[in-house]
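Remarks on the overall topology
If you want the building blocks of each chain, they are given just below.
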Amino acid sequence: MTAVMEANNRVAKPFKNLIELYTTINRLTYWPVLANLRKSTDYVYRATDFSPSVDRPQKLKRKDMPKTIVCHDLMGGYLEDRFLDGSNEYKSYHFYHWNIIDTFIYFSHHFVTIPPFGWINAAHKHGVKILGTIITESTPGKILCDEILNTRESIVRFANALVQLAVFYKFDGWLLNIENEIDKDDVLKLTFFVQYLTERIHERIEGSEIIWYDSVTNTGKLNWQNELNDNNKIFFNNCDGIFLNYNWTDSGLMRSVMKAQPAKKITNIYVGLDVWGRGCPGGGGFNSAYALKKIRAQGLSVAIFAPAWTFEFFGPNTFPRVENIFWAQLMQYLYVHVPVYRNERFMTSFCRGAGMKYYEYGMQITYHDPVTNNVVESNSSFYNMAMQKHQTIALCLHSKFSSMNIVPSIVRDKDSKPEPQECTFETSHEIIRVLGHVITFEDKLDSYNGINCMQFSYDLSYEGGGCLKLINRNLRSYHRLFFVDVSFMREIQARVIYKIDDSDLNNSNNDNSLVLLLGDGNGLTSFLSRDTLQYGKGWKMSIFQTSMKIVQEIGIAMTEIGSIYIGKILLDEVKHPYRL
């Protein structure tokens, strides 16, 4: 797979000004098939309930729970993700924690930022809304706003164009970020724009959202409030939510709660959490949970800004290990939404949309060299978020810090910069040392002794660019993989394609070493395979016949100590027993 060249017009691009927008809006370029937003259940689980030690996770009403936005900001945006057909630069940032967020915002400093194709598909497959960004800044931004707000007709024209973009490219709304002053006489016009855009997009896109960023006040001044108050409530009241600036205080959050009631739910207040710190309580980074704990204490939603810090700050070589560590610290304050599959096959190969090699049926893609007449391995590295399959959040569970040691920065004299902080973190199975941009890992001896855990392997795959490795050290426990809502008219048949780690398991020829666990709300039922077949080079497929028509949880247990690779899981109604 090779990167698509800009000249081929197979890229996502922002609009830099109104001329670009209006000359293009009626001749937009069609993209490949865009996924519809998958429905989710009206209940969620606490993310910590994903642990298999929690026997009966509690269903919580989704509408009553605070929400989570991820606002993606990475080096200006439109990097390798801009290519509609993907790229071979596999060491590119990819997000895969979809199950614990509600809305994804693709952010850049261009005037009109449209989410690229791959991000729309990855988000929608997981039941996550995705928004673009409208931003105006400084003097050029003021000129743009003056033109937009000039007349009622110019306001309506701009808002209709934004709705048309969202409908055409199947995304779910906009973040409005006005970071320049507005003439006082134009504030009511700006309010009308927010109201009209919100009402219009709701008519065209079910569940769409318009989010206002806390910047301009009701006098037109650029003055970040860091709370909901009388200075910015006029915008909040005319859209779906407000994204508060990051420099908030506990007292400001409490005032925000009081100001929102009773007109709007407080869960429509998204408190900014800047992972880069920049005045945010706790300083961001691995200490981002400090701010999130305070936000959740008030029952408020959160907007996590630039979590790609894990990639940009430490570099691609330690990603996604750093990514899992970062999100593990936030888990106790997050919620898992549940995707719905009604008479529809549930299938995942765990592919994250990136890989050093691309596999089909357990074999790396190859090609025939016409010069040498040999079959050789191709450069099948790839990056394409649209290829991402359903993900599990369980990889984070054992990366929660059990201890932290942060050495304060030392300032040698008043003219010198402080030396980087030395930080040491410990989890159940590793020691992490951070000094500036350098992070190192030290596995503990016998770190998995008595503990079941999971890893993601980029080195092996059945289909796509990776698979799930289950490490089994406790025969009394199991691996919880998914919360789902799968239902069929007939009984469900499950298939699991797997590969035994021959160097680890005691008996690699035991076809019953893998046990499937399915839950339906009344508890778990375990199933042994009805049949196991050789399925690709070194891979097996176990077929499980069930009497269940509804599945709300998927898990796997093992009857032996050791490790196993899961390449694919499918749940379907009984029709064609052996067809994939």
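Scroll up a little and you will see the structure.
A few points on the structure.

1. Some details on the nonpolar core
Leu-165, Trp-174, Phe-193, Phe-286, Trp-327 and Ile-566 are the most contacted members of the largest nonpolar core, which has 168 residues in total. A total of 8 residues in this core trace back to one element, the largest contributor, which is helix 4 (residues 152-168).

2. Here's the deal with the sheet that holds strand 22 (residues 430-435)
As summarised here, the arrangement of the 4 strands in space is 20-21-22-23, forming an open sheet in which the pairing is antiparallel. At either end of the open sheet lies a strand with only one pairing partner, and these are strand 20 (403-407) and strand 23 (438-443). On average, each strand axis in the sheet is inclined to that of its neighbour by 10°, with strand direction left out of account. Where strand 20 and strand 21 (residues 422-426) come together, 5 bridges link them in antiparallel fashion. Of the residues in strand 21, the one forming a bridge with Ser-403 is Glu-426. The sheet contacts of helix 10 (residues 321-328) involve strand 22 and strand 23, and relative to strand 23 the element is tilted by about 85°.

3. Quick look at the sheet that holds strand 29 (residues 524-527)
Adjacent strands of a sheet pair through backbone hydrogen bonds, lying either parallel or antiparallel. A sheet is described by the order of its strands in space; here 7 strands give the open sequence 2-1-12-26-32-28-29, paired in mixed fashion. Across the chains shown, the open sheet's two edge strands, defined by having one partner strand only, are strand 2 (60-61) and strand 29. Of the pairings in the sheet, the one linking strand 28 (residues 514-519) to strand 32 (residues 550-558) comprises 6 bridges and is antiparallel in character. When the sheet's bridge partners are listed, Leu-518 is paired in strand 32 with Ile-554.

4. Concerning the pattern of salt bridges
Across all of its chains, the model carries 23 salt bridges by this definition. Here Arg-62 and Asp-102 are joined by a salt bridge, their closest N and O atoms 2.9 Å apart. Of this pair, Arg-62 sits in the loop between strand 2 and strand 3 (68-72) while Asp-102 sits in the loop between strand 3 and strand 4 (103-106), and the two are 40 residues apart along the sequence. With a relative accessible area of 22%, Arg-62 lands in the partly exposed category. By relative accessible area, which is 16% here, Asp-102 ends up buried. A salt bridge links Arg-255 to Glu-227; the nearest nitrogen and oxygen atoms lie 2.8 Å apart. Taken together, the residues span a long stretch of sequence, with Arg-255 in helix 7 (residues 250-260) and Glu-227 in the loop between strand 8 (209-213) and helix 6 (233-236) at a distance of 28 residues. Judged by its relative accessible area of 43%, Arg-255 is partly exposed. The exposure class assigned to Glu-227 is buried, which follows from its relative accessible area of 11%. Where salt bridges share partners, they join Lys-142, Asp-146 and Asp-183 into one cluster.

Thresholds, definitions, all that
Residues numbered from 1 in each chain as written. Predicted model: local features only at pLDDT ≥ 70, side-chain atom pairs only at ≥ 80, totals over all residues. Heavy atoms only, no water. Core = buried A, V, L, I, M, F, W, Y, C linked by side-chain atoms within 4.5 Å. Buried < 20%, exposed > 50% of the residue type's maximum accessible area, 1.4 Å probe, protein only. Helix = DSSP H or I, 4+ residues; strand = E, 2+ residues; numbered from the N terminus. Pairing = 2+ DSSP bridges. Axes fitted to C-alpha atoms, helices over the stretch in contact; angles between N-to-C directions. Contact = heavy atoms within 4.5 Å. Salt bridge = Lys/Arg side-chain N within 4 Å of Asp/Glu carboxyl O.

In short, the description is geometric, and any link to function would need to be established separately.
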